[in-house]
Amino acid sequence: MRSSATLERVIDEQEFPIRNGVFVAVAGPSGAGKDSVINYARQRLGPLENEVTFVRRVITRAMDGAGEAHDCLTDAAFEKARLNGCFAVSWQANGLRYGLPVSVDEVVRGGNVAVANVSRSVIPALRERYENVIAVLITAGRDVLADRLSRRGRETREEVLERLERAHARELVVENATVIDNSGALEEAGERFQDILRRAAAWSAVSDSI
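Residues numbered from 1 in each chain as written. Predicted model: local features only at pLDDT ≥ 70, side-chain atom pairs only at ≥ 80, totals over all residues. Heavy atoms only, no water.

*Asks:* Is there a simple way to explain the environment of G184 in this structure?
*Replies:* On the secondary structure map, G184 appears in the loop between β9 (178-181) and α8 (186-209). Judged by relative accessible area, G184 falls into the partly exposed class, the value being 47%. Each C-alpha atom, one on G184 and one on G141, is 9.4 Å from the other, the two residues being 43 residues apart in sequence. (Helix = DSSP H or I, 4+ residues; strand = E, 2+ residues; numbered from the N terminus. Buried < 20%, exposed > 50% of the residue type's maximum accessible area, 1.4 Å probe, protein only.)

*Asks:* What is the right way to look at the environment of R120 in this model?
*Replies:* Within the secondary structure, R120 is located in the loop between β7 (113-117) and α5 (123-129). Residue R120 is classed as partly exposed on the basis of its relative accessible area, which comes to 28%.

*Asks:* Sorry, what's going on with the pattern of salt bridges here?
*Replies:* Pairing between side chains of opposite charge can happen when the charged atoms of each approach one another. This model, assessed by the stated rule, comprises 8 salt bridges. Between R129 and D105 there is a salt bridge; the shortest N-O distance is 2.8 Å. Residue R129 is located in helix α5, and its partner D105 is located in helix α4 (residues 104-109); the two are separated by 24 residues in the primary sequence. Taking the relative accessible area as the measure of exposure, D105 reaches 3% and is therefore buried. (Salt bridge = Lys/Arg side-chain N within 4 Å of Asp/Glu carboxyl O.)

*Asks:* Sorry if this is basic, but what is going on with the nonpolar core here?
*Replies:* One recurring pattern in soluble globular proteins: nonpolar side chains tend to sit buried together. F23, L100, V118, L126 and Y130 are the most contacted members of the largest nonpolar core, which totals 26 residues. Of all the secondary structure elements, the ones that give two or more residues to this core are β1 (22-27), β5 (87-93), β6 (96-101), α4, β7, α5 and β8 (133-139). Among residues more than four places away in sequence, those in contact with F23 are L100, V104, A114, A116, L126, Y130, N132, V133 and I134. Residues L45, V52, F54 and I180 belong to the second largest nonpolar core, which totals 24 residues. (Core = buried A, V, L, I, M, F, W, Y, C linked by side-chain atoms within 4.5 Å. Contact = heavy atoms within 4.5 Å.)

Structure below.
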């Protein structure tokens, strides 16, 4: 088994940024419906099914049956995986740790489209790692966010309001991002996102053939 130092050296020697395919980075505040929009598009890919990969995240949280399907690790196991170079990118948010598996590199290198729900803070790192990154910011009105977060049952109403205040103070600004408002019908936001995936797949097909 390779040591952590060896893995880091192999990663450093790889050619970055990785070209050919496209990485679609989906960001936005909690409650905006990122997973819902992503799943809407996933269920309607049709002929693009073999060209688009929806990345399964690794999170230090047990699955509760209500959220996204993800791989679970303890904090200690996550840190060990990070040190062993198992993640393309990783980040912390709301007391949890998140990672995208390094296998994403092969998806993009192979000329396909990778889609992942990420923190806006790692988008600059993604743009360094991948030549073609499309940033998509999914938003919703504050009243809509408060209602959705309260219904999750993970936080009290006071904690929800504090979270929204923090998000509002930071302002979720992502350079050169496509903004999709998901305050209304899911179909509207979902169709807009699906169109982004179609264009990303079409671009990847052209880029990979050059």
